[in-house]
Amino acid sequence: MPTSVQNQILRVNLSNGRIWTEKPGISFFRSHLGGRNVIAHYLLTEIPKGSDALDPVNRLVFAMGPVTGIALPGAGRHSVGAKSPLTGLFGESEAGGYWGSELKQAGWDGLVIEGKAETPVYLWIKDQVVEIRDARHLWGQVTGPVENRLREELGDTQVRVAQIGPAGENLVRYACIVNDLNEVAGRTGLGAVMGSKNLKAIAVRGSHRVEVSNTLPIKTTARWVSHETLGEGGSHHRLHTWGTGAMVRSKQLEGHLIVHNFRDGQLDHATDIDAITMQNKVVDHMDRCFACSVRCKKRVKIDTEQVKVDPKYGGPEYETLAAIGTNTGITDIMAVCKGNEMLNYLGLDSISAGATIAWAMEMAETGRFADQGLDKESLRFGSTESVLEMIEKIAYRKGVGDLLAEGSLRAAQIIGGDAEKYVVHVKGLEVAMHDPRAMKDMRDNYPITPTGGDHTGAGLKRTSVRNTVGLCQFLQYNDAKALELLNAATGWAMTPEELHETFERGLTLARLFNLREGMTADDDRLPDRLHEPIRMGPLTNHVLSRSEIRNYVAGYYEERGWDKEEGRPYTDTLAHLNIDIEEHDIADHTSERPDPLAVGTLPYKMSHDDSNGHAE
Amino acid sequence: MRIRIRPYADFGRFFSAEPGQTCVVSIEEGATVGDLLEAHGIEASVRVTLGVNNQLAARETQLKDGDNLEVLAPMSGGSTQ
């Protein structure tokens, strides 16, 4: 029977040059699907406890979903994971574009890289033929020229490239992995892991169409998206027309725009950098990911005497508009677009970079950076020069950039005093550009996400299911539709209950990894800044209480079948999810349920939340 | 009285205006923001964020001649885009 799951994981050991194929079996894929669940499996199984994230023993895992690479809008997603050099915990980030689909079309459901090459190398994957090649001539170069050079060298303009920029080479703890020049696996410092392995790039070319079991639901859904959802009033109209970032004005009025290191909720002229202004001033055209008719990707072109921005590096998404824009006090669209281009060619995560610079600006403003030779004039909120200069310094670890390349939490711990109090992070990951003081989604998300301050919902069901199936979060497919597409692609007759169980399994594996690496329940919280009132706007009298977060977290543990105090999975939860305590060496991080469940009761709470989005 | 409206997101279609661009509508004296929205087909059940003269407003906010009204999709408590 045709199926989109190919039962092939490509394994590469860069220390000894060994390349092999692993076939985990269809039952493995059915119980884990793809994305972060597969990543959690490899991290927990193969990385020795307490290893340094930049040690060759770390695994860099690229995981497709079962629907990645099929002809369906939103199916161009893949995930990358490793132990994070930024947080020391579960590291994972998701990207779109074409690279993941290309790898799937080359016949691979995943790629796991271990070891470290003696000198810089790149991987060349052409269908089932895989080579480790010399990349010394590429080391030190920014992403655009590397992609050109690889395509030239490999004699194929359609080769898709995932790569690191200078930031990854220099082990900046929030370096990202850039694919297709404008898509990134941005969070948790995966580019530094790639750099630590001396791996500059992964070039891929696949020549096979990904098979599916039943084409009809997939074709029907693709037609529905392109014919019925893109016009005025349609569910993808806003994204199709402006992409992300159209809601800056809403946040501004409501008073929770991310401004000045999460201190202020409003900023004069903020709409000068929203998506609508961008459309009018700098967007050259909208682009798409693999097979997607929504086309929500902005391509910016600026060609003035003062500023030039190349559209091949895309354009800033909302996160970037806020991170290096409003959060640093900047409302100059040209500067933000230039900053976005720099982040993409240097290979830096825009959220962590912007948040770290904003934190440093507050430190300089309040005199806490005097030892670093910085004051409120030399590193100032609202200074475009400060931001652009600092992006470059961080990527090359020049001057104070070397300190900031460690991430805001480590940098604060290095400078000491009360600097840590001003770091807006969860588990060491800088918080994304949505304020939990105003957004319930984020209150439910940030404290318990296994990666830390990420906004994409790794700890919540709807978003986790999409990540592991391989579907874009922006596509308005409800849970039933996601399941229908999964079954159509794979030929499985998975039930909602079985799908729910894969979500619980992945989350519990990631939890166990984090507990094993030293995380405690005390890390499932928000930083001090987010319990302070916002300084400007309608929310100035609103305080998010610590007890509200604590109660939410305890309830979340309980729903998962983890103990309420420490969030350690109960042994009956592990048994139900077929997670082997001995195999994973996790006995110290489990718990016995004090009140055994009645026979037939599930150890976690089932939910069938179809309220988000809709199908046809 | 005449009210200048700037609709965002998909709200332009209720006022025959391009999103982010402005248009001017007339409504009788004493009308609230809610009255104006309902007159243009935006029912009370539709969640909106409203601004009058650059300040956060509500459906109950009283309008006066020459006011600038913004109609947007809400973000507080909302999605991640």
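What you see is a predicted model; the values in this text were computed from it and never measured. (Residues numbered from 1 in each chain as written. Chains lettered and ligands numbered in written order. Predicted model: local features only at pLDDT ≥ 70, side-chain atom pairs only at ≥ 80, totals over all residues.)

Q: Hey, could you go over the overall build of chain A for me, with residue numbers and the actual values?
A: Scanning chain A from terminus to terminus reveals 23 helices and 18 strands. Seen along its three principal axes, the alpha-carbon backbone of chain A occupies a region of about 65 × 60 × 55 Å. By the burial criterion, 59% of the 616 residues in chain A qualify as buried. (Helix = DSSP H or I, 4+ residues; strand = E, 2+ residues; numbered from the N terminus. Buried ≥ 20, exposed ≤ 12 C-beta atoms within 10 Å, placed from the backbone.)

Q: Run through the packing of helix α11 (residues 318-325) of chain A against helix α13 (residues 350-365) of chain A, naming residues and quoting values.
A: All names here are of chain A. It is the contact of α11 with α13, at a shortest axis distance of 8 Å, that shows an interaxial angle of 20°. The orientation of α11 relative to α13 falls into the category roughly parallel. Handedness of the α11/α13 crossing: left-handed. For the pair α11 and α13, the contacting residues are E319, T320, A323 and I324 in the first and S350, I351, A353, G354 and A355 in the second. Tallied by class, the residues present in the contact of α11 with α13 amount to 5 nonpolar, 3 polar and 1 charged. (Axes fitted to C-alpha atoms, helices over the stretch in contact; angles between N-to-C directions. Parallel < 35°, antiparallel > 145°, perpendicular 65-115°, else oblique. Left-handed = near helix turned anticlockwise from the far one by under 90°. Contact = placed C-beta atoms within 7 Å. Nonpolar A, V, L, I, M, F, W, Y, C, P; charged D, E, K, R; others polar.)

Q: Can you tell me about the domain arrangement of chain A, naming the residues and giving the values?
A: One widely used convention gives an interface's size as the accessible area the parts lose upon coming together. Residue and element names in this part refer to chain A. Splitting chain A by domain gives domain 1 (9-205) and domain 2 (229-423). Here the C-alpha centroids of domain 1 and domain 2 sit 25 Å apart. Taken residue by residue, the interface counts 31 residues in domain 1 and 26 residues in domain 2. Among the secondary structure elements, those contributing two or more residues to the side of domain 1 that touches domain 2 are α4 (143-154) and α5 (166-169). Among the residues making up the side of domain 1 that touches domain 2, the classes are represented as 16 nonpolar, 13 polar and 2 charged. (Domains from an automatic or database assignment.)

Q: Mind laying out the nonpolar core, listing which residues take part and the relevant values?
A: Residues and elements named next belong to chain A. In this structure, V61, V172, I177, A201, A203, L348 and I391 are the most contacted members of the largest nonpolar core, which totals 205 residues. Here this core gets 10 residues from one element, more than from any other, and that element is α13. Ignoring any residue separated from it by four or fewer positions in sequence, one finds A203 in contact with Y122, L123, W124, I125, L150, L154, V159 and V161. (Core = buried A, V, L, I, M, F, W, Y, C linked by C-beta atoms within 7 Å.)

Q: Kindly report on the interface of chain A and chain B, identifying the contributing residues and their values.
A: With 23 residues of chain A at the contact, the number on the chain B side is 19 residues. Of all the elements in the fold, those that place two or more residues in the side of chain A that touches chain B are α8 (237-242), α9 (248-254) and α17 (440-445) of chain A. Ranked by residues supplied to the side of chain A that touches chain B, first place goes to α9 of chain A with 5 residues. Counted by class, the side of chain A that touches chain B contains 8 nonpolar, 8 polar and 7 charged residues.

Q: So, unusual backbone geometry: which residues are in play, and what are the values?
A: Residues and elements named next belong to chain A. One non-glycine residue, N198, lies in positive phi territory at about 60°. With respect to the helices, strands and loops of the structure, N198 is situated in the loop between α6 (190-196) and β12 (199-205). The backbone phi angle of F262 is positive, close to 65°, even though this residue is not glycine. Tracing the sequence through the fold places F262 in the loop between α9 and α10 (275-281).

Q: How would you explain the sheet that holds strand β5 (residues 68-72) of chain B if you had to name every residue and give the values?
A: All names here are of chain B. On the basis of which strands lie adjacent, the open sheet formed by 5 strands has the order β2-β1-β5-β3-β4 and mixed pairing. The sheet terminates laterally at β2 (23-26) and β4 (55-57), the two strands that pair on one side only. The sheet shows a mean angle of 35° between the axes of neighbouring strands, taken without regard to direction. One ladder, built from 4 bridges, connects strand β1 (residues 2-7) with β5; its direction is parallel. Bridge pairing links R6 to E70 in β5. (Pairing = 2+ DSSP bridges.)

Q: Which residues make up the packing of helix α18 (residues 461-469) of chain A against helix α20 (residues 496-516) of chain A, and what values do they have?
A: Residues and elements named next belong to chain A. Interhelical geometry of α18 versus α20 gives an angle of 90° and a closest axis separation of 10 Å. Comparing the axis directions of α18 and α20 gives the class roughly perpendicular. Contact with α18, carried on its side by K461, S464, V465 and T468, involves L499, T502, F503, G506 and L507 of α20 and no other residues of that element. The residue inventory of the contact of α18 with α20, partitioned by class, reads 4 nonpolar, 4 polar and 1 charged.

Q: Give me the lowdown on the pairing of strand β7 (residues 121-126) of chain A, citing residues and values where you can.
A: For a regular strand, the rule is simple: side chains alternate between the two faces of the sheet. All names here are of chain A. Relative to strand β8 (residues 129-134), β7 runs antiparallel, the two sharing 6 bridges. Pairing of L123 across the sheet is with I132, part of β8. What sits between β7 and β8 in their antiparallel hairpin is a turn of 2 residues, with D127 showing a positive phi close to 50°.

Q: Please provide a residue-by-residue account of the sheet that holds β12 of chain A, values included.
A: All names here are of chain A. Taken together, the 6 strands give an open sheet; going across it, the order is β8-β7-β12-β9-β10-β11, and neighbouring strands pair in mixed fashion. On the outer flanks of this sheet lie β8 and β11 (183-185), each paired with one strand and no other. Within this sheet the neighbouring strands show an average axis-to-axis angle of 20°, counted without direction.

Q: So what about α11 of chain A? Which residues, and what values?
A: Residue and element names in this part refer to chain A. Where burial is concerned, most of α11 is hidden: 8 out of the 8 residues are buried. For α11, the complete set of buried residues consists of Y318, E319, T320, L321, A322, A323, I324 and G325. Packing partners of the buried residues in α11 comprise α9, α12 (333-346), α13 and α14 (384-395).

Q: Explain the confidence of the model for chain A to me, using residue names and the numbers behind them.
A: Residues and elements named next belong to chain A. Looking at chain A, the pLDDT average stands at 95 and 99% of residues meet or exceed 70. The least confident element of chain A, judged by mean pLDDT, is helix α23 (residues 581-584) at 84; the most confident is β12 at 99. Confidence drops under pLDDT 50 across residues 610-616; counting only partners more than four residues distant or on other chains, this segment forms 16 contacts. (pLDDT = per-residue confidence, 0-100.)

Q: Before we move on, can you summarise the confidence of the model for chain B with the specific residues and values?
A: Per-residue confidence for chain B averages 89 on the pLDDT scale, and 91% of its residues sit at or above 70. Across the interfaces of the predicted complex, the ipTM metric reaches 0.90, alongside a pTM of 0.96.

Q: Could you give me a rundown of α13 of chain A, with the residues and numbers involved?
A: All names here are of chain A. With 16 residues, α13 ought to run about 22 Å at 1.5 Å a step, and its terminal C-alpha atoms sit 22 Å apart, in line with that. Of all 16 residues in α13, 15 are buried; the element is thus mostly enclosed. Phi for G367, located one or two positions after α13, is positive at around 80°. (Expected span 1.5 Å × (residues − 1).)

Q: Break down the environment of P48 of chain A for me, citing the residues and quoting the values.
A: Residues and elements named next belong to chain A. When you line up the elements, P48 lands in the loop between α2 (35-46) and β3 (60-64). For P48, a count of 9 C-beta atoms within 10 Å puts it in the exposed group. Residues P48 and R516, spaced 468 residues apart in sequence, show a C-alpha to C-alpha distance of 9.9 Å.

Q: I'd like a description of the environment of I448 of chain A, backed by residues and values.
A: All names here are of chain A. By the secondary structure assignment, I448 is in the loop between α17 and α18. Along the chain, I448 and A521 lie 73 residues apart, while their C-alpha atoms are 9.4 Å from each other. Here I448 is in contact with G459, D524, V553 and Y556, once residues within four sequence places are set aside.

Q: Quick rundown of the environment of L597 of chain A? Include the residues and the values.
A: Take L597 of chain A: it is sitting in the segment after α23. Taking the C-alpha atoms as reference points, L597 of chain A and D572 of chain A, separated by 25 residues in sequence, lie 8.8 Å from one another.

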